[in-house]
Every structure is written in structure tokens, then in C-alpha cells.
Amino acid sequence: MLADFLEYDFLRNTLFTGIIIGLIAPLLGTFIVVRRLSLLADALSHVTLAGIAFGLLLEKNFALMISPLYTGIAFSVFGSILIEKLRGVYKAFQELAIPIILSGGVGLSVIFISIADGFNTDLFSYLFGSVSAVSKSDFYSIAGIAGFIIIIIVLFFKELFTLSFDEEHATISGLHTKAIHLLFIVLTALVIAISMRIVGVLLVSALMTLPVAASMRFAKGFKQMVYLSIVFGEIAVIIGLITGYYLSFPPGGTIVLVSISLLILSIIISKQRSKATS
Amino acid sequence: MSEAIISMKNISFSYENKQILDHINFSVSKGSFMGLVGPNGGGKTTLIKLILGLQKADAGSIQLFGQPIEKFNNWHKIGFVSQKANAFNKGFPATVYEVVSMGLTAKVGYLKFFQKKHKEKIKEAINQVGMKAYTHENIGNLSGGQQQRIFIARSLVNDPELLILDEPTVGVDNENVQRFYDLLDNLNRNKGITMLMITHDTGTIAEQATEIACLNKTLHFHGKPEAYKRISNEEWSHIYGHNIHLITHDH
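My aim in this report is to walk through the structure given alongside it, one point at a time. (Residues numbered from 1 in each chain as written. Chains lettered and ligands numbered in written order. Predicted model: local features only at pLDDT ≥ 70, side-chain atom pairs only at ≥ 80, totals over all residues. Heavy atoms only, no water.)

On to the overall build of chain A. Within chain A one finds 13 helices and 0 strands. Along chain A, helices and strands appear, N-terminal first, in the series α-α-α-α-α-α-α-α-α-α-α-α-α. Referenced to the eigenvectors of the C-alpha coordinate spread, the extents of chain A come out at roughly 60 × 50 × 30 Å. Within chain A, the fraction of its 278 residues that count as buried is 56%. Across chain A, contacts joining residues at least 24 apart in sequence account for 78% of those joining residues at least 6 apart. (Helix = DSSP H or I, 4+ residues; strand = E, 2+ residues; numbered from the N terminus. Buried < 20%, exposed > 50% of the residue type's maximum accessible area, 1.4 Å probe, protein only. Contact = heavy atoms within 4.5 Å.)

Okay, here's the thing in C-alpha cells:
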């Protein structure tokens, strides 16, 4: 099954990128889920879409060759900072920031797309992922950014964990909670932007939350949940990419369906287990 | 008189035009066990938030360990166990060890990792609160009283000199409340940790604390338990307002 992936360059890029994404999306996703910010990822992915549409527009109408990856990253990071500002404005209704940013992202995307007079299949691959969309240079960019994200998470793991568990306690103990939170949001934006090539903008948040939801059924502790989420994430990406390629489906769809299958299986197994022990 | 760890002078605080605290003079001396009682909305939690620097007073001054609060930066000397510890997200996947380790996050510092001595410290704190057997259990699976012990351990890893507790016995069953008080008593007497504890339990606190304060917008009482026990019913109804007076008569 893997033979084609190892033989053809473009598939190899896709597979390696997929393995990277399968690691960092659930890694950051663990923090997103325990902080109850799952919808934040959705809002940011729609802003990323606007960034991609903008990049494609530049490419088509002005022949500017900026990879939509970078315009996507720029919009996503900008959107993440905007969400933080909005959460500050509506202190009592912080979740309002999410529909505001989400609809803003879709609105902008539609306008960019129609200015460019409609795009081709390229946009479709950004929405749902593609097995053939990762160029060599995309791969290097994604690997570089992912390396940066992993280093930051390892360095700030204890602070991110402490903040997630009890924000008030973190503040009292003297941590710079606002700065750590901002760092976290920007990391989220970066992960979403670099994941979209594989799973697609509309399904990025699934890869950040579904493996975590599955591992939550088993994990006793936080670190254990992080490791287990990554295992589930990798299984979903690898099986999803291979089946997507052989069945000619966009990999976003197959990755999400594998994730959901793993989730259902986890729920069934953990229920059986708790029955057996009680 | 022994050294004051907390000293508040003429503190006033209002929230949305409502006066919560009115010219409070309050102090906690080193080694004491201070019980803070008073009706709901009387400003007990606000007082603690001011001490912890989570809110700023409108007027007056606060000194912590002899330093003005504005300049104070030894926050690791102060441990805090909040009322919310009871209402934390029960589904949060963290082991007892992981929760206690969070007490050290700020002390270890940015860009640094836990070392062997930190890990020993974490185990020691868990042992001190009598929860060693649960080290690798999920915090959500423990009872309310056990969870509060873990939150105390989270403070103990920093070798605090002052422990502030906001109604720590809410949601703890009666049998375990006494064991919880024994733990606090032990930390106070044998470790010399100064205690400041908010409680609704106006009776039991008189047996545990070495000093008691009654707060309802102003400080109505600040003294020894012996004097506290002599507060008459009329004075109580004055402190708590008339509603409470009626309820006590209904019993």
C-alpha cells in the first residue's frame, strides 16, 4: 500500500507533511480541547481560507507569486490576535468573538473569490486537502514552521499546562498569563495554516479535536493524553492519506472519517472497560 | 507583638458603586491561624483578592511581609486554595502528581525544566497531605476532601509561609472536614505556616483558629477565640443583619 508513496516524489512530500501534521495538530489540540476553545480553531481556519483566497487572487490577477501558504499564515495569525482583542471587548460574552471572526473570514473569502472571477480546482484542494498539492518548497516551509512550533511547546509546556488547568492560580503564582495565552493563540493559528494543505481548511479543526476526544476516554493524566492523541492523529492521517489516494477522495474527508471511527471505537472500548471493572 | 505578615490600613473598595469594604484595618501576625467569618456578600473574598493582588483597593495601603504590595514580588511565599478548587473542571485529565507539579511552574521559571530536586519536592508535598497512594490517580476521581488536600499540596511545594484558604471545606463531607482541619492544624503548628481561612463554619473555627475576624463591609470583630465566643446574639444579628437573625430563631 505504501509503495507508491515511497516511489513518487510528490506523494512522499505529502506523506511526510502528513506525518508532521499528525503530530502537531493533536499536540496543540490537547490544549485547545481542555481549555474548551475547540471552536476557536474553526474560526481561525475560516480566516485562513480568506488568506488563501487572497493569495490565489494575487497570483491570478497580479501575477504575484506569493504562496497562498504565506498569505494564509498571515491572515490566520492576524485573526488570532483580533479574536483576543474581541474577547477583551466582550468580557461577559467571550464566545461572540468566534462567530464574528468566522463569518468575517467566510465573507472575505467569498469576495476575494468573486473578484478573481472564481477559481479552479485549486481552491477545492485548499478546502478539503489534496494528496498531490504539497510541493517540495511547501514541504520545507511546513517542516520548518512545525519544528519551531514543537520547540516552543516543549519549552513552554509547563506554563501552557498550568494556564490550562487553572488560570487564576497561574496568575497568582506570578506567571504572565496574558503573554502565554497570546503565544498559545498564535501557535494555534500557525498549526491551522500549515495543516490545510493536507486536511483542508474546513477540516483542520477536526484533526485538532477528534484524536484528543478519543484519547480522553483512556488517559489518566495530561501527558498521557498528549501522547495518545498523537498516536490517534498519526493513525488517522496515514490511513486517511493512503485510502484517499487509492480511492481518489480528498484526504481531508478520509482523515476525518478515520478519526471518527477511532473515536467511536474508543467510546465503545472504554465503556466496555468501565463495565468490566464495576 | 509578633511580626505582621499581612497588614491592611484604611482599606476601602467598591464595585459598581456599591461599597464592599469600608475603612478596613486588618492584620495577620506570623504563626497565627486566622479565621475570617461573615455573611455572604460581606466582602471576605474581596478582601482576599486584594491581598493576592487580583483587585486594587480604592483607598488605603496593604503590606505583605513588611513590603508595600505594589513592590511585593515574593508571591511564592503565599499559597492560595480557592473556593473554586471545588468547582474546577472535573473532566480535566491530570494526575495528582501533575496537579501538584503546577505549584512549581512559576518558581522553576521560564525555559527551564523540572529537575530531580523538584520531583522530590512534589512527592514530598503529596506525602505531607497523606495522599501518596493516589499519586498517579486522575484528580477527577477523588472525593472533594481529597481534592482539597491535593490543592494544599500544590501550595506546599513552594514552602509557603502563608496559606490563604477560601471556604476550603465546602463540598467536603463531615467526617473528612475534621481530618482536613487536623491537616491545617499540623501545618500551622509544626511547619509554622501562617493560616488565613475564610469559612462559613462559625462554630468549628472557634476551636481551630488562634484569632478570628468578622467582616461585613466593616470589621466588626478582630480578636481571640475566647472573646469571639462571648459575642452576644444581639451583636451577631447586628453583624449578619436581620435576615440571619430570623433564620437562627427558626432552628
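Quick look at helix H7 (residues 136-155) of chain A now. Residue and element names in this part refer to chain A. Here H7 spans 29 Å end to end across 20 residues, near enough to the 28 Å set by a 1.5 Å rise per residue. Restricting attention to buried positions, one finds in H7 the residues Asp138, Phe139, Ser141, Ile142, Ile145, Ala146, Ile149, Ile152 and Ile153. Taken down its axis, H7 places every buried residue within 160° of arc, on the same side. Opposite the buried face of H7, by more than 90 degrees, sit the exposed residues Tyr140 and Ile151. Along its buried surface, H7 packs onto helix H2 (9-34), helix H4 (68-89), helix H8 (157-165) and helix H10 (177-199). (Expected span 1.5 Å × (residues − 1). Arc of directions from axis to C-beta.)

Here we come to the packing of H10 of chain A against helix H11 (residues 204-215) of chain A. Residue and element names in this part refer to chain A. The interhelical angle for the contact between H10 and H11, taken along N-to-C directions, is 110°, at an axis separation of 8 Å. Taken as axis vectors, H10 and H11 run roughly perpendicular relative to one another. For the pair H10 and H11, contact is made by Thr188, Val191, Ile192, Ser195, Met196 and Val199 and by Val204, Leu207 and Met208, respectively. Among the residues making up the contact of H10 with H11, the classes are represented as 7 nonpolar, 2 polar and no charged. (Axes fitted to C-alpha atoms, helices over the stretch in contact; angles between N-to-C directions. Parallel < 35°, antiparallel > 145°, perpendicular 65-115°, else oblique. Nonpolar A, V, L, I, M, F, W, Y, C, P; charged D, E, K, R; others polar.)

With that settled, consider the pairing of strand S4 (residues 59-64) of chain B. All names here are of chain B. Relative to S4, strand S1 (residues 4-15) runs antiparallel, the two sharing 5 bridges. Residue pairing across strands places Ile6 opposite Leu64, the latter belonging to S4. Between S4 and the antiparallel strand that follows it, strand S5 (residues 67-68), lie 2 residues; Phe65 among them carries a positive phi value of about 50°. (Pairing = 2+ DSSP bridges.)

Let's shift gears to the nonpolar core. Core analysis: the biggest nonpolar cluster contains 141 residues, and Ile149, Ile194 and Met208 of chain A together with Val100, Ile152, Leu165 and Tyr228 of chain B have the highest contact counts within it. With 13 residues, the top contributor of residues to this core is H10 of chain A. Not counting residues up to four positions away in its chain, the partners in contact with Met208 of chain A are Ala25, Leu28, Gly29, Ile32, Val33, Ala41, Thr188, Val191 and Ile192 of chain A. Within the second largest apolar cluster, 32 residues are counted, among which are Ile172 of chain A together with Ile6, Met8 and Ile51 of chain B. (Core = buried A, V, L, I, M, F, W, Y, C linked by side-chain atoms within 4.5 Å.)

Residue and element names in this part refer to chain A. In this structure, Phe10 sits in helix H2. With relative accessibility at 36%, the residue Phe10 sits in the partly exposed group. Separated by 126 residues in sequence, Phe10 and Lys136 have C-alpha atoms that sit 7.7 Å apart. Excluding its chain neighbours within four sequence positions, the residues that come into contact with Phe10 are Val131, Ser132 and Val134.

On the basis of which strands lie adjacent, the open sheet formed by 4 strands has the order S2-S1-S4-S5 (chain B) and antiparallel pairing. Of all strands in the sheet, those with a lone pairing partner are strand S2 (18-29) and S5 of chain B, marking the two edges.

Of the residues lining the interface, 31 residues belong to chain B; the matching set on chain A comes to 26 residues. Our count for the chain B to chain A interface comes out at 2 salt bridges. Our enumeration of links across chain B and chain A arrives at 10 residue pairs in polar contact (both at pLDDT 80 or more). Here the residues of the side of chain B that touches chain A sort into 17 nonpolar, 8 polar and 6 charged. (Salt bridge = Lys/Arg side-chain N within 4 Å of Asp/Glu carboxyl O. Polar contact = N/O pair within 3.5 Å; in protein donor to acceptor, adjacent residues only side chain to side chain.)

Time to look at the pairing of strand S3 (residues 33-37) of chain B. For S3 of chain B, a buried count of 5 out of 5 residues is recorded, marking the element as mostly surrounded by other parts of the structure. Of the two faces of S3 of chain B, the one lined by Phe33, Gly35 and Val37 of chain B and the one lined by Met34 and Leu36 of chain B are each fully buried.

It is worth spelling out the side chain of Arg87 of chain A at this point. Residue and element names in this part refer to chain A. Turning to its location among the elements, Arg87 is positioned in helix H4. Accessibility expressed as a relative area gives 15% for Arg87, which makes it buried. In this view, Arg87 contacts Leu37, Gln94, Ala97 and His181; residues no more than four positions away in its chain are not counted.

This part takes up unusual backbone geometry. All names here are of chain B. For Asp159, which is not glycine, the phi torsion reads 50° and is therefore positive. If you trace the backbone, Asp159 turns up in the loop between helix H5 (144-156) and strand S7 (162-166). Positive phi outside glycine occurs at Lys217, with the angle close to 70°. In this fold, Lys217 is placed in the loop between strand S9 (211-216) and strand S10 (218-223).

Worth remembering: the numbers are spatial, not functional.
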